Amino acid sequence: MSTELLHKAYSGALFKEEGDDLIALLANHLKTTKEGTPSKVTRWVSPTNEYNFWQEYVKENHSTKEFFTTVLERSIHTHHPKYIGHQIASTVPVAALATLFSAQLNNGMTVYEMGQASTAIEKVVIDMFVHAIGYTEGDGFLTSGGTLANLTAMLAARKAIANDDIWNDGHASKLAIMVSEEAHYCVDRAARIMGLGNDGIIKIPVDDQYAIRTDLLETYYAKAVADGRQVIAIVGSAPSTSTGVYDDLEAVSAFAKAKKIWFHVDGAHGGAAIFSSKYKHLLKGIDQANSVIIDGHKMMGTSSITTAVLFKNKVDSYATFEQKAQYLWDKNDDPEWYNIGKRTFECTKSMMSLRFFAIMNAYGTQFFDDNVTVLYDAGREFATYIKQHPDFELALDPISNIVCFRYIRNLSPDQYEEVNRKIRQELLEDGEFYIVSTLLKGVFYLRTTFMNPFTNKEHMEALLEKIKAIASNIELKKEQINL
Ligand SMILES: Cc1ncc(COP(=O)(O)O)c(C=O)c1O
């Protein structure tokens, strides 16, 4: 017997009223942030204070509209042109609508009958990626984020290359994966989850431009073999996270072929450049990869999280997981493209294909080209201003939309780290801009990633001016202490 409360919670009229309020709130937020009107991208509150705030909030009586408004005020604004921080898309509104829509439909996706439209749409989305990469016999699926996608690809590599049947018999031999020392930490994590251990993840040093040193591959491989390890895969970063630099995929591919090992491309961030007529040359050799992953929620404008896992050979896309699940499917050995749960880590999966498809439907793949091209151009533009400015130093010429630099005026090299760390912390607490930091070969740099296609010259120059003002303040405070 249903209750009055349940009737209210499921009321279509209430959904419309609250939904209208929500769309109005977000539409206004989109308009004002796009124009850069709010003075702050983020408001810094300590984790404990923020927790205390919500602990009190839940005890009070607030409408749904007030709740969403308050969350918005207390969240980072990724649509603000002064958001130049971590790699997360300024979601395209149509993709956000697709996410809201699919959240309410909640089709489970594991088997075809639990998501007929979204399953077929997923195949169309995958076809788009396969075609763009240039695979002739490719296939794949969508999964929940780049981290899980890399793990899935590494499991496929193990299945295809390892001498042992690890899925069924467990580990007998020692395996290894080769990857650049600048690769995203999730590749290391995947190797450890797979039981490869510390020595099973072979980190190859990078050159002075932070790309994997392909001249060292042979030496590191030979050492692993001499240590009794079977190397199953090599991962190319496209690009690596800290620097935005692409590994030489052609050279890595040639090495993988020579050794008969799996070649995987982590294109979580910049695999999407395959859609950019101007920048797709950075991915030369990607069509030779056994597997590729590309995040939608980084450079393709979708909400989080949605990642394509793509395979050069269709058969590999079915081989990773062998699982009996009689309540879901009868035929364990039949590929059945439409029963996606046979191939994905997830059982229940969100209808993430709708996010890509809504963009394709509204704007075509040209949207992906425009987005990547504009953002990568922005990275280069920012670098030219830094170069013109003697107070700053670039870590390297950017290849993509990731730019690392530091403030150096009146500083001796031993002060660089301390002052730049303070600059980053003060920027965070001030909230007008959001940028992050990184360590490159142990050296501290400020790190920006241009994720918002509306960040322009004025914002870039204002950021440099802001940093200069913070640095002068730090200098002043220091002088006062020394007086
Ligand atoms: C190169 C690279 N790979 C993988 C990931 C992890 O992706 P996700 O955050 O979708 O799990 C990132 C995230 O920044 C990345 O930059």
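What counts, and at which threshold
- Residues numbered from 1 in each chain as written.
- Predicted model: local features only at pLDDT ≥ 70, side-chain atom pairs only at ≥ 80, totals over all residues.
- Heavy atoms only, no water.
- Near = heavy atom within 4 Å.
- Polar contact = N/O pair within 3.5 Å; in protein donor to acceptor, adjacent residues only side chain to side chain.
- Helix = DSSP H or I, 4+ residues; strand = E, 2+ residues; numbered from the N terminus.
- Nonpolar A, V, L, I, M, F, W, Y, C, P; charged D, E, K, R; others polar.
- Pairing = 2+ DSSP bridges.
- Axes fitted to C-alpha atoms, helices over the stretch in contact; angles between N-to-C directions.
- Phe/Tyr/Trp six-rings, centres within 6.5 Å; stacked < 30°, edge-to-face > 60°.
- Lys NZ or Arg CZ within 6 Å of the ring centre and 35° of its normal.
- Buried < 20%, exposed > 50% of the residue type's maximum accessible area, 1.4 Å probe, protein only.

Draft legend 1. Looking closely at the site of the ligand. Close contacts around the ligand come from 14 residues, with Gly-146, Thr-147, Thr-241, Asp-266 and His-297 the closest. A distance of 2.9 Å separates an oxygen atom of the ligand from a polar atom in the side chain of Asp-295. Of all the elements in the fold, those that place two or more residues in the shell around the ligand are helix H7 (146-161) and helix H12 (296-299). The element that contributes the greatest number of residues to the shell around the ligand is H7, accounting for three residues. For the shell around the ligand, a count of residues per class yields three nonpolar, eight polar and three charged.

Draft legend 2. Molecular detail of the sheet that holds strand E10 (residues 436-440). A sheet is described by the order of its strands in space; here four strands give the open sequence E8-E9-E11-E10, paired in antiparallel fashion. Edge positions in the sheet fall to strand E8 (392-394) and E10, since each of these pairs with one other strand and no more. Adjacent strand axes in the sheet meet at a mean angle of 45 degrees when their direction is disregarded. Sheet topology places E8 next to strand E9 (residues 402-407); three bridges connect them, and they run antiparallel. Of the residues in E9, the one forming a bridge with Phe-392 is Tyr-407.

Draft legend 3. How the structure looks around the packing of aromatic side chains. Taken as a whole, this structure holds 24 aromatic pairs when the rule is applied. Seen from their ring centres, Phe-53 and Tyr-57 are 5.8 Å apart, and the 35 degrees between their planes marks the pair as tilted. Highlighted residues: Phe-53 and Tyr-57, both in helix H3 (residues 47-57), separated by four residues, approximately one helical turn. Both rings, one in Phe-67 and one in Phe-68, keep their centres 5.5 Å apart while their planes meet at 35 degrees; by these two values the pair is tilted. Ring pairing ties together the aromatic residues Phe-129, Phe-275, Phe-356, Tyr-363, Phe-367 and Phe-368, which thus form one cluster. Positioned above the aromatic ring of Tyr-318, the side-chain terminus of Arg-343 is 4.3 Å from the ring centre.

Draft legend 4. Molecular detail of unusual backbone geometry. Going from Ala-238 to Pro-239, the amide bond is cis rather than trans, its omega being -5 degrees. Relative to the helices and strands, Pro-239 resides in the loop between strand E4 (229-237) and helix H11 (249-259). Of the consecutive residues Ser-304 and Ile-305, the connecting peptide bond is found in the cis state with omega at -15 degrees. In this structure, Ile-305 sits in the loop between H12 and strand E7 (307-311). In this structure, Asn-410 is a non-glycine residue whose phi angle is positive, near 60 degrees. Note that Asn-410 resides in the loop between E9 and helix H16 (413-430). You will see that Lys-441, though not glycine, has its phi angle at about 50 degrees, which is positive. For Lys-441, a relative accessible area of 49% gives the class partly exposed.

These results come straight from atomic positions and should not be treated as a statement about function.
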